[in-house]
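Read off the chains here:
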Amino acid sequence: METCSSLIENVLSDLTVLKKNISIYPPAHPSVRMCIAQLFTRLKTLFADMEVIKIFAAQSCFIINGKKIEKPTRHMIDFATFLNQRGIASVSFCAGVTEQDLLRFYRCMLELR
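Residues numbered from 1 in each chain as written. Predicted model: local features only at pLDDT ≥ 70, side-chain atom pairs only at ≥ 80, totals over all residues. Heavy atoms only, no water.

1. Some words on the overall build of the protein
Where we set the bar: Numbering of helices and strands starts at the N terminus; helices are DSSP runs of H or I of at least 4 residues and strands are runs of E of at least 2. Throughout, radius of gyration means the C-alpha value; the globule benchmark is 2.2 Å times the number of residues raised to the power 0.38. Each residue's exposure class comes from its accessible area (1.4 Å probe, protein chains only) as a fraction of the maximum for that residue type: buried when under 20%, exposed when over 50%, partly exposed otherwise. Accessible areas in this description were obtained via Shrake-Rupley with a 1.4 Å probe; residue shielding takes into account the shown protein chains only. Counted charges follow a simple rule, with Lys and Arg positive, Asp and Glu negative, and His plus the chain ends left uncounted. In this description, the location of a charge corresponds to atom NZ of lysine, CZ of arginine, CG of aspartate or CD of glutamate.
If you tally the helices and strands in the protein, you get four helices and four strands. By the compact-globule yardstick of 13 Å for 113 residues, the protein fits well, its C-alpha radius of gyration being 13 Å. Within the protein, buried positions represent 40% of all 113 residues. A total of about 6,600 Å² of accessible surface is found on the protein, and carbon and sulfur atoms cover 56% of it. The distance from the centre of the 14 positive side-chain charges to the centre of the 10 negative ones in the protein is 6 Å.

2. Brief notes about the packing of helix 1 (residues 4–24) against helix 3 (residues 74–84)
Cut-off, in case you're wondering: Where helices are involved, their axes are fitted lines through C-alpha atoms of the stretch in contact, as for all axes, and angles between N-to-C directions lie from 0 to 180°. An angle below 35 degrees is treated as roughly parallel, one above 145 as roughly antiparallel, one from 65 to 115 as roughly perpendicular, and anything else as oblique. Helix crossings are classified by the rotation of the near helix relative to the far one: an anticlockwise turn of less than a right angle makes the crossing left-handed, while a clockwise turn makes it right-handed. Residue contacts are defined here by distance: any two heavy atoms, one from each residue, within 4.5 Å place the two residues in contact. Following the grouping adopted for this structure description, the nonpolar residues are Ala, Val, Leu, Ile, Met, Phe, Trp, Tyr, Cys and Pro, the charged ones are Asp, Glu, Lys and Arg, and the polar ones are all others, Gly among them.
For the pair helix 1 and helix 3, interaxial distance at closest approach is 8 Å and the crossing angle is 55°. Comparing the axis directions of helix 1 and helix 3 gives the class oblique. The handedness of the crossing between helix 1 and helix 3 comes out as left-handed. For the pair formed by helix 1 and helix 3, the contact residues are E9, L12, S13, L15, T16, V17, K19 and K20 on the first element and H75, M76, D78, F79 and F82 on the second. Across the contact of helix 1 with helix 3, the residue classes break down as six nonpolar, three polar and four charged.

3. Overview of the packing of aromatic side chains
Cut-off, in case you're wondering: Here is the rule: rings of Phe, Tyr and Trp (six-membered ring for Trp) pair when centre to centre is within 6.5 Å. Planes less than 30 degrees apart are stacked, more than 60 are edge-to-face, and the remainder are tilted.
Under the criterion given, the structure shown has three aromatic pairs. Each ring, one from F82 and one from Y106, has its centre 5.7 Å from the other, and the planes form 40°; the classification is tilted. Residue F82 is found in helix 3, and its partner Y106 is found in helix 4 (residues 99–111); the two are separated by 24 residues along the sequence. Overall, the relative accessible area of 5% leaves F82 in the buried class. Assessed through its relative accessible area of 0%, Y106 is described here as buried.

4. Digging into the nonpolar core
The test is simple: Residues grouped as a nonpolar core are buried Ala, Val, Leu, Ile, Met, Phe, Trp, Tyr and Cys residues, joined through side-chain atoms within 4.5 Å.
The biggest cluster of nonpolar side chains holds 36 residues, and the ones touching the most others in it are L12 and F62. Here the element with the most residues in this core is helix 2 (residues 30–47); it accounts for eight residues.

5. Some words on helix 1
Note the cut-off: Expected helix span is taken as 1.5 Å per residue step, with the number of steps being one fewer than the number of residues.
Taking 1.5 Å per residue as the helical rise, helix 1 with its 21 residues ought to reach 30 Å, and the 30 Å between its terminal C-alpha atoms agrees with that figure. Those residues of helix 1 that sit buried are L7, I8, V11, L12, S13, D14, L15, T16, L18, K19, N21 and I22. For helix 1, the secondary structure elements touched by its buried residues are helix 2, strand 1 (52–58), strand 2 (61–64), helix 3, strand 4 (90–94) and helix 4.

6. Some details on helix 3
Formally: The directions from the helix axis to the C-beta atoms are what the arc is built from.
Turning to helix 3, its buried residues number three or more, namely H75, M76, F79, A80, F82 and L83. End-on view of helix 3: buried residues confined to an arc of 160°, all on one side of the axis. Those residues of helix 3 that are buried are in contact with helix 1, strand 1, strand 2, strand 4 and helix 4.

7. Focus on the environment of Y25
Within the fold, Y25 resides in the loop between helix 1 and helix 2. Sequence-wise, Y25 and R107 are 82 residues apart; in three dimensions their C-alpha atoms are separated by 12 Å. When near neighbours in sequence (up to four residues on either side) are disregarded, Y25 contacts S31, V32 and R107.

See the structure below:
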């Protein structure tokens, strides 16, 4: 069983991989479907304990649900860069988010270049 912090780290890793897959493949591609399914499973697990995942990402600061991450992973930094390049400092994912919501989120984000 994953801890909450490792689950969050894996969600951020999945978000980064999903971003890359969506930019390369169509939504129905097996790589996209597999990644979104894994991400969605982890999100559902997190939402059993919390209703919202709030991510604040700046170049030198990464905060998740009010807790500063002392040593962000490469995937966290990639995700922060992705958001910051679009002028976004924070994003929240709420319980009830669907796989389609996540796909639409990335499609919109990829158009904001």
